[in-house]
Amino acid sequence: MLQRNMRHLFHAGASSAMPVMIEIFSVNVAQAERLEIGSRQVLSAIGKRPVAGPVRVGALGLAGDEQADRSVHGGLAKAVYAYPHEHYAFWRVVRAQARVAAWDAPLPPGTVGENLSLRGLLEGDLWIGDQLRLPGCTLAVSEPRQPCFKFNHAMGFTQAAKLMQQSGYCGAYLTVIESGSIESGQVAQLVPGPREVNLLELFRARRPAR
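All values derive from a computational prediction rather than experimental measurement. (Residues numbered from 1 in each chain as written. Predicted model: local features only at pLDDT ≥ 70, side-chain atom pairs only at ≥ 80, totals over all residues. Heavy atoms only, no water.)

Visitor: Is there a simple way to think about the sheet that holds strand 5 (residues 55-58) in this case?
Guide: The strands that make up a sheet are held in pairs by hydrogen bonds between backbone atoms, and each pair lies either parallel or antiparallel. Across the sheet, three strands lie side by side as 6-5-12; this open sheet has antiparallel pairing. The open sheet is flanked by strand 6 (61-62) and strand 12 (180-182), the only strands paired with a single partner. Inspection of the sheet shows strand 5 paired to strand 12 by three bridges, in the antiparallel sense. Note on strand 12: the bridge partner recorded for Arg-56 is Ser-181. (Pairing = 2+ DSSP bridges. Helix = DSSP H or I, 4+ residues; strand = E, 2+ residues; numbered from the N terminus.)

Visitor: Would you explain the layout of surface pockets in this entry?
Guide: Left-over empty space is what a probe sized like a water molecule reveals as it rolls over the atoms. Its volume calculated, the largest pocket comes out at about 290 Å³. Along its surface, the largest pocket is lined by 19 residues, and Ile-46, Val-72, His-73, Lys-150 and Tyr-173 are the ones closest to its centre. Considered class by class, the residues forming the lining of the largest pocket number nine nonpolar, five polar and five charged. (1 Å grid on protein atoms, 1.4 Å probe; cavity = no way out; pocket = protein on both sides within 12 Å on 5 of 7 lines; lining within 4 Å. Points joined across faces, edges and corners; volume = space filled by probe spheres on them. Nonpolar A, V, L, I, M, F, W, Y, C, P; charged D, E, K, R; others polar.)

Visitor: Just to check I follow, could you spell out empty space enclosed by the protein for this structure?
Guide: On inspection of all chains with the given rule, the structure shows one cavity of 30 Å³ or more. The volume enclosed by the largest cavity comes to roughly 50 Å³. Ala-82, Tyr-83, Pro-84, Leu-118, Leu-121, Leu-122, Glu-123, Leu-126, Gly-171, Ala-172 and Leu-199 together form the lining of the largest cavity. With three residues, strand 7 (residues 80-84) is the single largest residue contributor to the lining of the largest cavity. Considering only residue class, the lining of the largest cavity consists of nine nonpolar, one polar and one charged.

Visitor: Would you explain the side chain of Lys-150 in this entry?
Guide: Position of Lys-150 among the secondary structure elements: in helix 3 (residues 149-155). Looking at Lys-150, its side chain comes within polar contact range of the main-chain oxygen of Leu-43, at 2.9 Å. Excluding anything up to four places from it in sequence, Lys-150 contacts Ile-37, Val-42, Leu-43, Ser-44, Ile-46 and Asp-69. (Polar contact = N/O pair within 3.5 Å; in protein donor to acceptor, adjacent residues only side chain to side chain. Contact = heavy atoms within 4.5 Å.)

Visitor: Sorry if this is basic, but what is going on with the pairing of strand 7 here?
Guide: Within a regular strand, side chains alternate between the sheet's two faces. The buried count for strand 7 comes to five of five residues, which makes it a mostly enclosed element. Both faces of strand 7 are covered, namely the face carrying Val-80, Ala-82 and Pro-84 and the face carrying Tyr-81 and Tyr-83. Examined bridge by bridge, strand 7 and strand 11 (residues 172-178) share three bridges and lie antiparallel to one another. Bridge pairing in strand 11 places Val-80 opposite Leu-174. Note: strand 7 against strand 8 (residues 116-119), three bridges, orientation parallel. Across the sheet, residue Ala-82 finds its bridge partner in strand 8, namely Leu-116. With respect to chirality, the unit in which strand 7 leads through helix 2 (residues 88-97) into the neighbouring parallel strand 8 is right-handed. (Buried < 20%, exposed > 50% of the residue type's maximum accessible area, 1.4 Å probe, protein only. Right-handed = clockwise from strand over helix to strand, strands pointing away.)

Encoded structure:
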């Protein structure tokens, strides 16, 4: 029922036009902590929290951030995870429909597990190799995020990963081209790369078969 009711929201706000301005709405980090998910105990740093002021960006990610499983997040190719803050309205609705949160419950930046909450840039606007040039660093799009059971835990219901797969609201992993610093409120310039592989199309191509 939840899945059927939410289909009409999946492509709301989707745009193929190049955004004029990309705002760093929030910078988020976390240390890995032990979570109990079902009968399993796992380490995860998915619970990112906003931080104020400049944050150092190195080849392996943001200062103060940790990745518990670097096969899915971390390393040179997936040093930073960026997510469109525009999708947060969708997640608030589906969490309410799943009865794990009130309709007016806040959803703080970083809840999806992203290091950078962005405004003005959706998955369909991004291609592998595109660069985000900021005042203090340069990042490049490397690949889409594939959700796992930890995302279900973060959202509070078991259909969350499936809904990310179906909606295409995956966000983007970024590699660090030029180290430096980043801060909420900064504006990034999108510099096109070779434009051969679209981020959203790649995500859908990798989607597991039903």
